[in-house]
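# Observations on the model geometry
The lines below spell out each chain.
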Amino acid sequence: MENINNRFFVSPESSLLSAFILFCLFLFTKNNNVFVRKFWPFWCFGIAASVIYVLTQSFSINGSANFSGKLNVLITTIAIVGFAYVFTSLGVYLSNLLDSLKIKQWHVKYWHIVSILLIFWIVQIFPLFPGMVSWDGYRQFLEFFHTHIASLNFTYYPTNHHPWAATLVLGMIFSFGKYLGGTNFGLFSIVIVQLVASSLIYAKIIQFVGEKWGKLPSIVALVFYASPFVAFWQVNIEKTPLFLAFTSWFVFCFVKILLSDGKEEASNFLIINLIISAILMSMFRNDGAYVVILSLFVLFILKIIQNKTFSYKYLAILCTFLLVDVGWNKVALPMMNVVPGSTGETITMPMRQLSKVVINDPDSLSEKDLKIVNRITPVKELSSHFNVNNADDLKSLYPVDSFLRSPYEIKQIQDGQLKKEATPRIKNETNQYLKIWFIQFFKHPKEYINVFLTGNSQFLNPILDSDSGSRGIMYGNDYMKNNTFLQPEWYHQVHYWFSDNSRKNISWPNVIFKLPIIRTILQPGFVLWLILFSFSYFIYKRSYLVVICIPVGLLAFVALLSPVNGYERYMLPAMLVAPLLLTVLVNVSLKKIE
């Protein structure tokens, strides 16, 4: 009975959003019938959204799918059917709204946008100058300088845990700035590069939105990119700010080629931009290459269909990227003795799913299988390390550690308990582990689904939100004072240029982030639902522009394989290119007023 009572508990944010949506749909459905065959794509969207919404809410409240007990099953079924109708109606309503929009081109000077972005960003982030180095950023510096930690008798070595290309770029910029004006100017040099690169790229997107949609959408895009949600990343020193900019650049080029409609050939300048942005994007995050390869392959196929002839140009683009990517990862990195990142970083979801089975039902595995599992994740330590929402502790059990998040893990590397690089035996045992994981799915499908939906609930459901305040943004890094194993030789030379008083209210954006509508839009799950709706709308319109869902969708999908549930940073790439996705949506039914 307690579980049933819990199901009717609703937060104030959910109540407000639900009331708003239901009111709008009531007005719409009075004179519209959604039970029409042509609306089947929106029914697919509605059903998918309903299942995701109901089950993630259910797991979040009761820790189960509520498919046991007649009353629970009845409530769950009614909820899924009811929300399917609500979300389908919402999809049809938004479709009609998009069809009624008219595009009035608005041209604005590019350098004016760049200047506005820089001014708004600097006004917000100047108290954190010369720059705020994050945990990951310090780790990159330690590897770049091969820093020796005397207290541990340990010297950091280059790894690809954080992409080595990004580490090289940040390290070289810092070294040049340090040579010119000392440690703090070295850090500030990185911030300058991030500010300039990001403003140049985001300004292009804002200008593009104006040209393809209109004045008001362009202003809204400007407000979005000038907001603290984007601004505070520019003063954060690590790989992420430039990765976000390069990803936005790549998707921007992809969209420009798409909207050419095959009637005009993409310029050589645009093709060069696409290739460079693709390379930079893949070199600043390890999973970026997969997004690029699939996106370029789909673009290649699309051009063959549109032009009705083999597209050597787009094949050359794909091959050029593959050549650079393989050359860097398979030739350059080994020549520089860069240690590959741990496989444990990429299989945190399978590890959580299989670990849950081992903890709850070890008898379902054979003795041989348990021995293999034990070699990858010591069985006796699973219960103490398992957390469905955060796999950082669990992945530390993997026999290869490139994370090195504590002196204890460094000591384990030194003692040989953990390896810094996978041996052939560990690679073979990992493959066997993944085979067991795959086989166990057919024995415990509910457990696997439970872990996936619970561990990704905040990525899948825009209502569930445990980080409505900071949105993953840091306003300081005082936590580094006690982590001496992560301090470079020049750590104590770093100091803020402005007074402590200027940072007294530095967390003011948290108030804005908690406002009802803004809170929902900036929640990681919102962009995933936007992608799902966009896909259904493109299918409804039978538009080839559906391929934009490949790069944007993959950027969102990557977050579902991440170790921390709802961590904003993993969904940021998809969120920052959302204005481009919306612009493509509007251009499906092109009604232009010159």
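Residues numbered from 1 in each chain as written. Predicted model: local features only at pLDDT ≥ 70, side-chain atom pairs only at ≥ 80, totals over all residues. Heavy atoms only, no water.

## Focus on the pattern of salt bridges
- Counting across every chain of the model gives 15 salt bridges.
- Here Asp 136 makes a salt bridge to Lys 239, at a shortest N to O gap of 3.6 Å. Taken together, the positions of Asp 136 in helix 6 (residues 135–144) and Lys 239 in the loop between strand 5 (236–237) and helix 11 (240–258) put the pair 103 residues apart, joining distant regions of the chain.
- Salt-bridge contacts for Asp 465 lead to Arg 519; the nearest nitrogen and oxygen are separated by 3.7 Å. With Asp 465 in the loop between helix 22 (457–460) and helix 23 (509–513) and Arg 519 in helix 24 (residues 516–521), this pair connects stretches of sequence that are 54 residues apart. (Salt bridge = Lys/Arg side-chain N within 4 Å of Asp/Glu carboxyl O. Helix = DSSP H or I, 4+ residues; strand = E, 2+ residues; numbered from the N terminus.)

## Quick notes on helix 14 (residues 312–335)
- Counted at 1.5 Å a residue, the expected span for helix 14 with its 24 residues is 34 Å, and the 32 Å between its end C-alpha atoms agrees.
- Taking the largest bend as the criterion, helix 14 deviates by roughly 35°, centred on Trp 328.
- Among the residues making up helix 14, those that are buried are Tyr 314, Ile 317, Leu 318, Phe 321, Asp 325, Trp 328 and Leu 333.
- Looking at the buried residues of helix 14, the elements they touch are helix 7 (164–181), helix 11, helix 12 (268–284) and helix 13 (288–307). (Expected span 1.5 Å × (residues − 1). Bend = angle between axes of the 7 residues up to and from the residue. Buried < 20%, exposed > 50% of the residue type's maximum accessible area, 1.4 Å probe, protein only. Contact = heavy atoms within 4.5 Å.)

## Description of the nonpolar core
- With 162 residues, the main nonpolar core has Leu 117, Tyr 202, Phe 229, Val 251, Phe 538 and Ile 548 as its most contacted residues.
- For this core, the element with the highest residue contribution is helix 11, accounting for 14 residues.
- Apart from the residues lying within four places of it in its own chain, the contact partners of Leu 117 are Ser 199, Tyr 202, Ala 203, Ile 206, Leu 222, Tyr 225 and Ala 226.
- Among the nonpolar cores identified, the runner-up in size contains 22 residues, and Met 351, Val 358, Leu 365 and Ile 372 belong to it. (Core = buried A, V, L, I, M, F, W, Y, C linked by side-chain atoms within 4.5 Å.)

## Examining the packing of helix 7 against helix 8 (residues 183–212)
- Two elements in contact, helix 7 and helix 8, have axes separated by 7 Å at closest approach and are oriented at 130°. With respect to helix 8, the axis of helix 7 lies oblique. Crossing geometry of helix 7 relative to helix 8 is assigned as right-handed. Residues Leu 170, Ile 173, Phe 174, Gly 177, Lys 178, Leu 180 and Gly 181 of helix 7 form the contact with helix 8, whose own contacting residues are Thr 183, Phe 185, Gly 186, Leu 187, Ser 189, Ile 190 and Val 193. (Axes fitted to C-alpha atoms, helices over the stretch in contact; angles between N-to-C directions. Parallel < 35°, antiparallel > 145°, perpendicular 65-115°, else oblique. Left-handed = near helix turned anticlockwise from the far one by under 90°.)

## Here we look at the environment of Val 588
- Within the secondary structure, Val 588 sits in the loop between helix 28 (578–586) and strand 6 (592–593).
- The spacing of Val 588 and Ile 190 is 398 residues in sequence and 40 Å in space, taken between C-alpha atoms.

## Digging into the packing of aromatic side chains
- Counted under the stated rule, the structure contains 47 aromatic pairs.
- Where Phe 141 meets Trp 490, the ring centres are 5.2 Å apart and the plane angle is 80°; that geometry is what we call edge-to-face. With Phe 141 in helix 6 and Trp 490 in the loop between helix 22 and helix 23, this residue pair connects regions lying 349 residues apart in the sequence. Each member of the pair, Phe 141 as well as Trp 490, carries the same accessibility label: buried.
- Judged by centre distance (4.8 Å) and plane angle (15°), the ring pair of Tyr 202 and Tyr 225 falls under stacked. Residue Tyr 202 is found in helix 8, and its partner Tyr 225 is found in helix 9 (residues 215–226); the two are separated by 23 residues along the sequence. Of the two residues, Tyr 202 and Tyr 225, neither departs from the other in class, the shared state being buried. (Phe/Tyr/Trp six-rings, centres within 6.5 Å; stacked < 30°, edge-to-face > 60°.)

## Here's the deal with the side chain of Gln 523
- Tracing the chain through its elements places Gln 523 in the loop between helix 24 and helix 25 (524–541).
- Exposure remark for Gln 523: the relative accessible area of 0% places this residue in the buried category.
- Separated by 3.2 Å, the side chain of Gln 523 and the backbone oxygen of Asn 461 make a polar contact.
- Not counting the four nearest positions on each side in its chain, Gln 523 is found in contact with Gln 458, Asn 461, Pro 462, Leu 464, Asp 465, Arg 471, Glu 568 and Met 575. (Polar contact = N/O pair within 3.5 Å; in protein donor to acceptor, adjacent residues only side chain to side chain.)

## Focus on the environment of Ser 175
- Looking at the secondary structure, you find Ser 175 in helix 7.
- Exposure remark for Ser 175: the relative accessible area of 27% places this residue in the partly exposed category.
- Placed 46 residues apart in sequence, Ser 175 and Ala 221 show a C-alpha to C-alpha distance of 35 Å.
- Apart from residues no more than four positions distant in its own chain, Ser 175 is found in contact with Phe 144 and Phe 145.

## Comments concerning a nonpolar patch on the surface
- Together, Phe 176, Tyr 179, Leu 180, Phe 185, Ile 192, Val 196, Trp 497 and Phe 498 make up a nonpolar patch on the protein surface, roughly 820 Å² of accessible area in all.
- Of all the elements in the fold, those that place two or more residues in the nonpolar patch are helix 7 and helix 8.
- Looking at the element boundaries, Ile 192 is found in helix 8.
- Residue Ile 192 is classed as partly exposed on the basis of its relative accessible area of 34%. (Patch = residues over 30% accessible without salt bridge, like charges linked within 9 Å, V, L, I, M, F, W, Y side chains within 5 Å. Areas by Shrake-Rupley, 256 points an atom, 1.4 Å probe, with all protein chains shown as cover.)

## Some remarks on the packing of helix 16 (residues 367–376) against helix 20 (residues 424–443)
- Put simply, helix 16 and helix 20 touch, their axes get as near as 9 Å, and they point 125° apart. Taken together, the axis directions place helix 16 and helix 20 in an arrangement best described as oblique. Note that helix 16 runs across helix 20; the crossing there is left-handed. The segment helix 16 lies against helix 20, with Asp 369, Ile 372, Val 373, Arg 375 and Ile 376 engaging Arg 425, Glu 429, Thr 430, Gln 432, Tyr 433 and Ile 436.
- Across the contact of helix 16 with helix 20, the residue classes break down as 5 nonpolar, 2 polar and 4 charged. (Nonpolar A, V, L, I, M, F, W, Y, C, P; charged D, E, K, R; others polar.)

## What about the state of the cysteines?
- This structure, assessed with the given rule, holds 0 disulfides.
- The structure places no disulfide on Cys 44, whose sulfur is separated from the nearest cysteine sulfur, that of Cys 549, by 14 Å.
- You can call Cys 44 partly exposed: its relative accessible area is 45%.
- Cys 319 forms no disulfide, and the closest cysteine sulfur to it belongs to Cys 253, at a distance of 19 Å.
- Classification of Cys 319 as partly exposed rests on a relative accessible area of 40%. (Disulfide = S-S within 2.5 Å.)

## Comments concerning unusual backbone geometry
- The linkage connecting Phe 129 with the following residue, Pro 130, adopts the cis geometry, with an omega of 15°.
- Of note in this structure, Asn 337 is not a glycine but carries a positive phi near 55°.
- Judged by its relative accessible area of 59%, Asn 337 is exposed.
- One non-glycine residue, Arg 542, lies in positive phi territory at about 55°.
- By the element assignment, Arg 542 lies in the loop between helix 25 and helix 26 (549–559).
- Under the relative-accessibility criterion, Arg 542 is labelled exposed at 80%.

## Details of the environment of Val 255
- For Val 255, the location among the structural elements is in helix 11.
- Spatially, the C-alpha atoms of Val 255 and Arg 425 are 44 Å apart, while their sequence positions differ by 170 residues.
- Setting aside residues no more than four positions away along its own chain, Val 255 makes contact with Phe 208, Ile 548, Leu 580 and Val 584.

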